[in-house]
Amino acid sequence: SDITGDIGVSPIAAAAMTGFSLIADSSNTFSTSTQVTGQCFAADYTSPTPSIMVTAILDMEAAYTDAAGRSISADANLNVNAGLISGETFVPGVYMWGSDIMFSSDIYLKGSSTDIFIFQTTGNVVVGSGAKVTLLSDGTNNGKPKASNIVWQ
């Protein structure tokens, strides 16, 4: 894995993040990994990390619930390529599949820093080795999509 951004687990311990060879910071409020450009957090780290993790989980649950209540934004956003989305470029909106979503090569999300992307599926999200989700600017000078504005539900 190669992750850009922070990751965390809660309510379980850092030991649940297997395969990352975590190195604890001297404060024990976070750890680092050569596979993560960012910080790694867990509920068993030193305060204030546990309370931050509770807030993060509540925010995630709220985003998930909100995403579940959204309808597709266009008929073209229903069952795109029957779930085989390798190489596809997505614009902001709500997408829905009644199957697994699978990609073995990169997919692209094109928009601005304020745009929302919601991917709903009744199945699994299956990502091939080396495949990436690449965030692209739409050219409006408003940045590119933020990972925090992307929900897989």
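Residues numbered from 1 in each chain as written. Predicted model: local features only at pLDDT ≥ 70, side-chain atom pairs only at ≥ 80, totals over all residues. Heavy atoms only, no water.

**Some words on the overall build of the chain**
Convention followed: Per the convention used, a helix needs a DSSP run of H or I reaching at least four residues, while a strand needs a run of E reaching at least two, with both numbered from the N terminus. Whether two residues are in contact is decided by their heavy atoms, any of which lying within 4.5 Å being enough. Areas reported as accessible are Shrake-Rupley estimates using a 1.4 Å probe. Residue values count occlusion only from the protein chains shown. Under the counting rule used here, the positive set is Lys and Arg, the negative set is Asp and Glu, and His together with the chain ends is not counted. Charge placement uses NZ in Lys and CZ in Arg. For Asp and Glu, CG and CD serve respectively.
The secondary structure content of the chain amounts to one helix and 13 strands. Along its sequence from the N terminus, the chain presents helices and strands in the succession β-β-β-β-β-α-β-β-β-β-β-β-β-β. Projected onto its principal axes, the C-alpha positions of the chain cover 50 × 35 × 30 Å. Across the chain, the fraction of contacts at a sequence separation of at least 24, relative to all contacts at a separation of at least 6, is 50%. Summing over all exposed atoms, the chain offers an accessible surface of approximately 8700 Å²; the carbon and sulfur share of this is 55%. The centroid of the 5 positive side-chain charges in the chain is displaced by 10 Å from the centroid of its 13 negative side-chain charges.

**Focus on the pairing of strand β9 (residues 107–111)**
On a regular strand, one side chain projects to one face of the sheet and the next to the other, so that they alternate. Operational definition: Using a 1.4 Å probe on the protein chains alone, a residue whose accessible area is under 20% of its type maximum counts as buried, one over 50% counts as exposed, and one in between counts as partly exposed. We treat two strands as partners when DSSP finds at least two bridges between them.
Taking every second residue as pointing to the same face, the buried face of β9 carries Ile-107, Leu-109 and Gly-111, while none of Tyr-108 and Lys-110 on the other face is buried. Where strand β6 (residues 89–90) meets β9, two bridges bridge the pair, whose relative direction is parallel. Along β9, the bridge assignment pairs Phe-90 with Leu-109. Pairing of β9 with strand β12 (residues 133–137), which is carried by five bridges, proceeds in the parallel orientation. Across the sheet, Gly-111 pairs through a bridge with Ser-137, a residue of β12.

**Digging into the nonpolar core**
Counted only if it meets this: In these notes, a set of buried Ala, Val, Leu, Ile, Met, Phe, Trp, Tyr and Cys residues joined through side-chain atoms within 4.5 Å is what counts as a nonpolar core.
Counting 13 residues, the largest nonpolar core has Ile-85, Phe-90, Tyr-95, Trp-97, Ile-107, Leu-109 and Phe-119 as its most contacted members. Listing elements by their share of this core, those giving two or more residues are β7 (93–97), β8 (101–103), β9 and β10 (117–121). In this structure, Ala-14, Met-17, Cys-40 and Tyr-45 belong to the second largest nonpolar core, which totals nine residues.

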